[in-house]
Amino acid sequence: MVKLIFSQDIKSKEKKAIPLTKKDSIITKRNDSILKKTRDSLLTKKTDSIAKDSIKPKEAVDDIITHTAKGYTIQNSKNQTVTLYDEANIKYTDIDLKAGKVIIDYKKNTLFATGIVDTTGYKQRPVFKQGSQESEQDSLIYNFKTKRALIYGLKTQQGEMYTYGTKTKRVNDSTIYIRNIRFTTSDKERPDYYISTNKAKLVPGKKIIVGTSNLVLADIPTPLVLPFAYFPMTDRAMSGFLVPQFDTGSSQRGIGFQNGGYYFAISDYFDLAVTGDAWSNGSWGVRFNSNYNKRYKFNGTFSLNFENIINGLRGFDDFSKSNNFNLRWNHSQDQKASPNSRFSASVNIGSSQFFRQSLNQFNVAQTQNNTFNSSINYSKNFVGTPFNMAVTATHQQNTNTESITMTLPNITLNMERIYPFAGKGGVKKNPIQKLGFNYNMQGQYRINTTDDEFFTSKMFETARAGVQHRTSTNTNIKVLKYFTLSPNANYEEVWQFDYIQKDYDATRNVVVTDTLRGFKSFREYNVGVSLSTNIYGTFNFKKGRLKAIRHTFRPSISYSYRPDFRENYLRTVQQSANPLDLEEYTIFDQGIYGSPSGGVSNTIGIALNNVLEAKVAPKDPDSDEEDEKIMILNNLNFNASYNIAADSLRWSTVSFNAGTRLFKDKLALNIAGVLDPYQVIDVNGSTVRINKFNKGLFRLTSANITANYSISSKDFEKKKDGEKEEKKKGNGANNPPDTMGANIDPTTRGGIPGNRAVGGETVETELYRSKIPWSLNLVYSANYTRPGINPGSIGVHTVGFSGNIELTPKWKIGYSSGYDIKNGAFSFSRFNFTRDLDSWQFNFNWVPFGSNSSYTFFIGVKSSTLADLKWDKNKPPDRRLF
């Protein structure tokens, strides 16, 4: 049986004879309604007059069409058609089409694609891809010549937006018209929501313009209707208005709006958002927020906030007005930009009362911070030398005292330790070869001011400047095999560019201190030596899992000597009407780096360090597991000194600290304190130490303890996993049932839970397992002070707790609070509730009580494309300025 079908070559238009089998009804079927459709305006569109010129028109099919099909391929020479069936794939120029059935008509220069129907339904819907644009539809007709298309049952994605349309007409690559269209960012087969409209114009990769639109939630139309809408679809940021939030809940400020403004998409590397607030009582605020990023170079954020806050009515006693600002800047340099230098910035500067008085501050936790800290750093390594340099500008601000300290700048030059006497190849064997030197230079210009004088000329009147040079040398020597002797010497020189002078004002009977400008300097040095060793003790156990306890003891004794340098710079000034009542001072007393050290120091220092470790055998003695090392005591340190040159009170206080981690590192416990060996007496209300030892050897003057404990549901899951492993070994009959429920077998399709035999073993399964992940963090802090003869007191005694609870995979609750045990009151508390609504997000943050009592409510679409489709409400804390 031989048949013949004529195939047309696309390039040469020649016909080739191909032997085939006998006559097939499928091949000779001509009366196909789809192929007879010839009177379509889309398919018979005449040539545009604009396109007419003297040049000979190109062929409609100007490239090779590559096609494949899993079912069959039929080429009809008479009708000049090619039919592909089952997993058909067409590739033509930048077009890639996959469908259940495809018919190519060379006469009409058209392509028809549709899915196929079988017992499972309608499947293999056409998927049309051209360039970066991709769409799925029920069927389509495409004209090779005009590049136009008719699409039925469209589904396409542009960025985060999914578009569904009943009938679509594609005019060209950049213009598509759609009827009965739905827009959504939900990727579900049945979207959570969509915006429905009768007609729309789509410009792929740029925008969607629609007519009258209606918001539909869960297939239920809502009263929300827009006469028209515009959706930007570009991958690049676009400038536009930011919709404000209206505020009607404040009786103090009246009605107003918040966070309205304009977003400027300046470039691919830089943007700017300008937003503002305004209320009917005259209060207003403005904010500038910017982000910048250049790949492999740097990135950062910048924000400037200013608020004019008015309370009360003008002319009344309760009227008050306040102007506050806050500036933040964070900058980070990519490590690839410059391996030998780095620039970074973290700036937080502003009015001390900004966060406490702000009318638009959602992060109320900032009100609990009483400091602002800023730092701008530039560092550089000088390759091939031991030197490196850092230039830093810093800022510290206490919002309680409203004091501000700034260094503009702080310049540091370091020389890494060098060994000038080392042998060839850097070999350091003897003490001379181990002798090393280092050098450090630091220069500062420091400003101390207040909120009121900030950014005024007065802030520079009390500024101080100085330079400090330090160099040191040391080496180490092995003594008696087990001891290390380390001699050292240190030299320091200070330059100051301002100094003080004190004079007695007899008229006012006060001492007047003047700051004078000029160069002054002083020098000092000290020498010392230390002797240290390590002592190890092991206690072995023959019974039980505990095999051994190891004690590491590191004693160290040191000696240092420093002459009295202060006496060379001492001056005296009369401080009262009595000419013999004199006060001693030095001109360096108010300098950045202090004044010369006073008194001879001939000191012996003692330091004791202890570490305890345990070795525990595994639970199963027959297992191949190694013994586990457990840290019992991370550290137990004692430090004290004895000054040989002092005429009394030669012993210093003894400081101690200890730390450990228990319960598999879940609990971190730290203790520190100070012990005084001498007695104290009360002299005119002041505590004075006397040269008599305490009867009880030491008196505790201060102590503090901190504990941190973290626990979560995962800790218990690990335990149950271990129980399940034992059950698999055949010990399950002796174990209690798993109260959290067994894992659901993915092969179980449903039915009543019960026993199912697997491999001859009975396994108990359950239909549902209740699992609520949670976490809990506990913090405990307490300190004790007893500076004098009076009984000691507890200054801080608090416990704090925070954590999260996942009620369901999409419901989460977070909490943070604390309790002041000393004062019997709760500290700042905050709760947040989050619900993941798939394409929507719900957030509720609540501060239930206190001066910062407030809440914020938000529900809206996650996607940034429809970020304005939201509803949010907030109640800021009630602010009192005075």
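Residues numbered from 1 in each chain as written. Predicted model: local features only at pLDDT ≥ 70, side-chain atom pairs only at ≥ 80, totals over all residues. Heavy atoms only, no water.

Below, the discussion takes up the overall build of the protein. Check the secondary structure of the protein and you find four helices and 57 strands. For the protein, the proportion of its 882 residues judged to be buried stands at 33%. Here the analysis covers contacts within the protein between residues at least 6 apart in sequence; of these, 47% occur between residues at least 24 apart. For the protein, the exposed surface amounts to about 53500 Å²; the carbon and sulfur share of it is 55%. (Helix = DSSP H or I, 4+ residues; strand = E, 2+ residues; numbered from the N terminus. Buried < 20%, exposed > 50% of the residue type's maximum accessible area, 1.4 Å probe, protein only. Contact = heavy atoms within 4.5 Å. Areas by Shrake-Rupley, 256 points an atom, 1.4 Å probe, with all protein chains shown as cover.)

Note that Lys-666 resides in the loop between strand S43 (654-662) and strand S44 (667-676). With 49 residues separating them in the primary sequence, Lys-666 and Asp-715 have C-alpha atoms 10.0 Å apart. Non-local contacts of Lys-666, meaning those with residues more than four positions away in its chain, are made with Asn-708, Tyr-709, Ser-710 and Asp-715.

Turning our attention to the pattern of salt bridges. Under the counting rule described, the total for this entry stands at 22 salt bridges. Close ionic contact of Lys-547 with Asp-627 constitutes a salt bridge, the shortest N to O distance being 3.1 Å. You can see Lys-547 sitting in strand S38 (residues 546-562) and its partner Asp-627 sitting in the loop between strand S41 (601-616) and strand S42 (628-643), a full 80 residues away along the chain. Take Lys-547: its relative accessible area is 37%, and that puts it in the partly exposed class. Residue Asp-627 is classed as partly exposed on the basis of its relative accessible area of 30%. (Salt bridge = Lys/Arg side-chain N within 4 Å of Asp/Glu carboxyl O.)

So, about the environment of Ser-352. With respect to the helices, strands and loops of the structure, Ser-352 is situated in the loop between strand S28 (341-350) and helix H3 (354-357). Spatially, the C-alpha atom of Ser-352 lies 6.0 Å from that of Glu-402, the residues being 50 residues apart in sequence. The contacts of Ser-352, once residues within four sequence positions are left out, are Gln-397, Asn-398, Thr-399, Glu-402 and Asp-451.

Using the criterion set out here, one finds 26 aromatic pairs in the structure. On the basis of an interplanar angle of 55° and a centroid distance of 5.9 Å, the ring pair of Phe-497 and Phe-519 is categorised as tilted. With a gap of 22 residues between them, Phe-497 in strand S35 (residues 483-505) and Phe-519 in strand S36 (residues 510-532) connect regions that are remote in the sequence. The interplanar angle of 85° and the centroid separation of 5.5 Å between the aromatic rings of Tyr-569 and Phe-588 together place this pair among those described as edge-to-face. Of this pair, Tyr-569 sits in the loop between S38 and strand S39 (571-574) while Phe-588 sits in the loop between strand S40 (582-585) and S41, and the two are 19 residues apart along the sequence. Owing to a relative accessible area of 23%, Tyr-569 belongs among the partly exposed residues under this scheme. (Phe/Tyr/Trp six-rings, centres within 6.5 Å; stacked < 30°, edge-to-face > 60°.)

This paragraph deals with the nonpolar core. The biggest cluster of nonpolar side chains holds 39 residues, and the ones touching the most others in it are Val-102, Ile-104, Leu-111, Phe-183 and Phe-231. Within the second largest apolar cluster, eight residues are counted, among which are Val-347, Ile-349, Met-406 and Met-459. (Core = buried A, V, L, I, M, F, W, Y, C linked by side-chain atoms within 4.5 Å.)

We now examine a positive patch on the surface. Side chains of Lys-167, Lys-169, Arg-179 and Lys-199 sit close together on the surface and give a patch of like positive charge. For Lys-169, the position within the fold is in strand S14 (residues 161-172). Residue Lys-169 is classed as partly exposed on the basis of its relative accessible area of 38%. (Patch = residues over 30% accessible without salt bridge, like charges linked within 9 Å, V, L, I, M, F, W, Y side chains within 5 Å. Lys, Arg positive; Asp, Glu negative; His and termini not counted. Charge placed at Lys NZ, Arg CZ, Asp CG, Glu CD.)

Turning our attention to unusual backbone geometry. For residues that are not glycine, phi is negative in most cases, and the peptide bond is trans in most cases. Here the bond from Leu-408 into Pro-409 is cis, since omega is -5°, no more than 30 degrees from zero. The topology assignment puts Pro-409 in strand S31 (residues 403-418). The backbone phi angle of Tyr-296 is positive, close to 65°, even though this residue is not glycine. In this structure, Tyr-296 sits in the loop between strand S25 (284-294) and strand S26 (298-311). If you check the backbone angles, Asn-509 has positive phi at about 55° while not being a glycine. Topologically, Asn-509 is positioned in the loop between S35 and S36.

Relative to the elements of secondary structure, His-797 occurs in strand S51 (residues 793-806). Accessibility expressed as a relative area gives 17% for His-797, which makes it buried. Polar side-chain contacts of His-797 include one of 2.6 Å to the side chain of Tyr-780. His-797 has contacts with Tyr-780, Ser-781, Ala-782, Tyr-819, Asp-820, Ile-821 and Lys-822, leaving out every residue within four places of it along the chain. (Polar contact = N/O pair within 3.5 Å; in protein donor to acceptor, adjacent residues only side chain to side chain.)

Right, let's talk about a negative patch on the surface for a bit. Residues Asp-620, Asp-622, Asp-624, Glu-625 and Glu-628 make up a contiguous surface patch of negative charge. Within the secondary structure layout, Asp-620 lies in the loop between S41 and S42.

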